[in-house]
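Listed below are the residues making up each chain.
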Amino acid sequence: MFSGNDKISGRQAFRLLTFDLLGLSTLLIPTVLAGVSGRDGVFCIVIGIFAGLLFLRLLKVAMVDMVQESFSDYLTRNLGTFGGRLVQAGYLIYLVLLAGYTAYLFTALVLNNLLRQESFTLVLITILILTGYGLLSGIEGRARVYELLFWFLLIPLFLMLFSALDEIDTDYWTPVFHAGAGGILAGSYYVFICISLIFLLLFLGGYAEKKEGIFRAGKAALLFVGMIHIVLYLVLLGIFGANALAKMDYPAVTLMSTVRISGGFLKRADAFMFGIWFFTLYALLNSAVFYSGTMFRGLMGKKKCCWGNFAILVVVLLEAFLFYQAKEAGDYYQLFLEYVGTPFVVIVPLVLAVTGKKSQEKKQKTKKETKNYQTYKKLSVRKWKNAGLMAVVIFSAAFLSGCNTPELEDRNFPIEVAVTDTEHFSEKWLDASEAGNRVIDYSHLKVMILNQDFVENEKSMTEFLELLEKQNEVPRNTYVAVAEDAEKIMEIADVEGQSVGTYLEELFENVSEIDKKAYPTLGTLYQEKENRLETLFLPYLAEEEEKPVVDGYYVWKRGKAAGRVGSETALLSAFTGNDMNEYTLSLERKFEVELFDSHNEIRFSGTPEQRMVEVDVYCKGRVAAESPGKFYSERELEKLSQEYMNRVAEEALRIDSQVDVTNSYKKVGGYERDWYELLRGTPENYEEGMDIVYNVEIVWVNL
């Protein structure tokens, strides 16, 4: 550990590089990979990390002759004055553009997730002021802060990923090896573009006591970040699906909003967890501006340039405005990285590796100059502590904008909303803030009730979902239900002292036989609008004794309305999908059996033209306590249960909407690749000619 000497340890270098690599890449990589390589994106991450390790090896060779000197001095010594300054100019352009894009992305995230009512200019200027104060503490001060915050930020990320495991549908991971060589190469190169930021360790050579420690830190950071990317991508892919993931802006942040805390006031967990990206993006922005300053001073031939960092921050400000005002600027920046920026950061170390060693005399001279430079640059520990305190104060002030941000008493928090058509919803809810004195805050919305005729209008429903997704006001974890007259359900004043929304949330999460994760949410409809893989069952509400009750289910089949079905169809589907703890079958009048501890497996047989889906059910069973004392043998009960399931499945399959209670279409890619290829363009034909067969094995516990 070093103190006040502008030096960093290997552990600090690891954490500094991890923060630099993590923030931007976790926001951008999942969406791009889902678009170009889909389910094969995880292989792109592995290839990209491997390429990063090879690149790190090249960097080590390039720095073999580097002594305790700044990177700009090293470039001049190896490439001469003209060549060195030319390369420094290239790095300066790369880093300033990186800083501008990071500042834009940082500001956009803050506006979208924390301060939606604030101006882009105010937030951006505040962030850049924080960046300027961060620069005052030097690299040692920033490294110490990041060292302290490292596990405080990453442990919540790990907990979030762990908590999301039970939401993963592994069927979304298949089929693999389907993107083709072009998709794999494109995805791998994009991963490498993000991972190639490991070249920033070139700038750390003059700040590390031992150069070898920098490369160990770089290797550890690459592997650590690579593992996070693999886990994160599999989680995102398993929850959202490839098609939906490819259309999302920042899926890692969106994942936070799917976390549901029952009965609590905290609905937007993404705002709470945003600190992960706040500090990682802040770290990258600080690094980009700091290293830009070293390149700028090298070009100017000065060891100190008071106005250099200020000039860079002004340029970054203008760039961020450009990215914000002209969305195509982001596309041009991506092209720059693909064809100019990334090749540049690879070629320069290659040239340095070739021009490697210089005379011992020149080394000694450089060492002497470096020693004087380091003495001049020393900062006291007290200075960076004061700068850090000032940064915290200024950052806190950004949230004290009471004149622009409505207070709690000026907000309305709807718990449930009814939607009869898009125009009505926009006028009554989305645009209500403009017509009145109170702001509509949807952060605690629990249930959205849709009119049946509205759901059945495919064009209107698609426009409605696109509007909500674009507005990003309504939480994705809001439950969705259907009713013949949604307004009538809303007219119920209260139910047992609760609002309708709170009552229904309690019903779905704690009373219903179906697991709460099987109930569709607004986010589920967003996903299916793109994925078109699942058969969903939306609760169909009716009023009974001044209470909302679930009177059947409305089928949402692969992104389209498919009509209403009875509860027995939805319950069998949930049981087949292992989404029920206990399943009650009415075998005869007043005679019921209860199945529990089930493990069900789906198998495919037949041909693509004459498909058969078999469900093997393994569970325990008992006769319901209230059933009459009619005697059946175990074999007879098992047969009756099997016949009941086959009857329900057959009836659902033969109605006009052709409902597959096994919800097996999403599994086809992983189990029957031939079927997948045949039906890929026409998923609506999947149920035609299909047969469903249940094979039941029950261990009876009270006979």
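Residues numbered from 1 in each chain as written. Predicted model: local features only at pLDDT ≥ 70, side-chain atom pairs only at ≥ 80, totals over all residues. Heavy atoms only, no water.

### Some points on the pattern of salt bridges
Reasoning step 1: Scanning the model with the defined rule gives 20 salt bridges in all.
Reasoning step 2: With a closest N to O distance of 3.0 Å, E530 and K529 form a salt bridge.
Reasoning step 3: In this structure K529 comes out as buried when scored by relative accessible area, which is 13%.
Reasoning step 4: One network of salt bridges, in which partners are shared, links K247, E469, K529 and E530. (Salt bridge = Lys/Arg side-chain N within 4 Å of Asp/Glu carboxyl O. Buried < 20%, exposed > 50% of the residue type's maximum accessible area, 1.4 Å probe, protein only.)

### A closer look at the packing of aromatic side chains
Reasoning step 1: The full count for this structure, using the stated rule, is 37 aromatic pairs.
Reasoning step 2: Seen in terms of ring centroids, F150 and W151 are 4.9 Å apart; in terms of plane orientation they differ by 85°. Their pairing is edge-to-face.
Reasoning step 3: Relative accessible area serves as the criterion here: at 0%, F150 is assigned to the buried category.
Reasoning step 4: Note on W151: relative accessible area 39%, which makes it partly exposed.
Reasoning step 5: When the centroid spacing of 5.3 Å and the interplanar angle of 80° are considered together, the rings of F454 and F464 count as edge-to-face. One end of the pair, F454, is in helix α18 (residues 452-455); the other, F464, is in helix α19 (residues 458-471), and ten residues separate them in sequence. Each member of the pair, F454 as well as F464, is classed as buried.
Reasoning step 6: Of note, R558 hangs over the ring of Y665, and the distance from its end group to the ring centre comes to 4.9 Å. (Phe/Tyr/Trp six-rings, centres within 6.5 Å; stacked < 30°, edge-to-face > 60°. Helix = DSSP H or I, 4+ residues; strand = E, 2+ residues; numbered from the N terminus. Lys NZ or Arg CZ within 6 Å of the ring centre and 35° of its normal.)

### Digging into the confidence of the model for the chain
Reasoning step 1: Residue-level pLDDT values for the chain average 83, and 86% of them are 70 or greater.
Reasoning step 2: Contacts from residues 261-267, a stretch scored under 50 in pLDDT, to residues over four places away or in other chains number 13 contacts.
Reasoning step 3: Counted against residues more than four places away or in other chains, residues 366-404, with its pLDDT under 50, gives 47 contacts. (pLDDT = per-residue confidence, 0-100. Contact = heavy atoms within 4.5 Å.)

### Thoughts on the side chain of E505
Reasoning step 1: Within the element layout of this structure, E505 appears in helix α21 (residues 500-511).
Reasoning step 2: Within the structure, the side chain of E505 is placed 3.1 Å from the side chain of K446, a separation counted as a polar contact. (Polar contact = N/O pair within 3.5 Å; in protein donor to acceptor, adjacent residues only side chain to side chain.)

### Description of the pairing of strand β11 (residues 611-623)
Reasoning step 1: Two elements, strand β10 (residues 591-606) and β11, share twelve bridges in a ladder whose sense is antiparallel. Within the sheet, the bridge partner assigned to I602 lies in β11 and is V615.
Reasoning step 2: Following β10, the chain reverses through four residues before pairing antiparallel with β11.
Reasoning step 3: With ten bridges connecting them, β11 and strand β12 (residues 691-700) associate as parallel partners. If you follow M612 over to β12, its bridge partner there is D691. (Pairing = 2+ DSSP bridges.)

### Side note on the side chain of K667
Reasoning step 1: Secondary-structure assignment places K667 in the loop between α24 (634-654) and α25 (668-671).
Reasoning step 2: Leave out the neighbours within four places in its chain, and K667 touches D171, I602 and F604.

### Focus on the sheet that holds β10
Reasoning step 1: Read from one edge of the open sheet, four strands run β9-β10-β11-β12, paired in mixed fashion. A single partner strand is all that each edge strand has here, and the edge strands are β9 (582-588) and β12. Neighbour-to-neighbour, the strand axes of the sheet open up by a mean angle of 40°, direction not taken into account.
Reasoning step 2: Here helix α23 (residues 567-576) sits on the sheet in contact with β9, β10, β11 and β12, set at roughly 65° to β10.
Reasoning step 3: Strand contacts of α24: β9, β10, β11 and β12, with the helix running at about 155° to β12, the strand carrying the most contacts. (Axes fitted to C-alpha atoms, helices over the stretch in contact; angles between N-to-C directions.)

### Quick notes on the sheet that holds strand β8 (residues 560-565)
Think of a sheet as strands paired side by side through backbone hydrogen bonds, with each pair either parallel or antiparallel.
Reasoning step 1: What the six strands build is an open sheet, ordered β2-β4-β5-β6-β7-β8; its pairing is mixed. Single-partner strands in this sheet number two, and they are β2 (416-419) and β8. Neighbour-to-neighbour, the strand axes of this sheet turn through a mean angle of 35°, independent of strand direction.
Reasoning step 2: Direction of pairing for strand β5 (residues 479-483) relative to strand β6 (residues 535-544): parallel, over a ladder of two bridges. In the strand pairing of β6, A483 is matched with L541.
Reasoning step 3: Set on the sheet, α19 makes contact with β2, β4 (447-451), β7 (547-557) and β8; between it and β4 the angle comes to about 155°.

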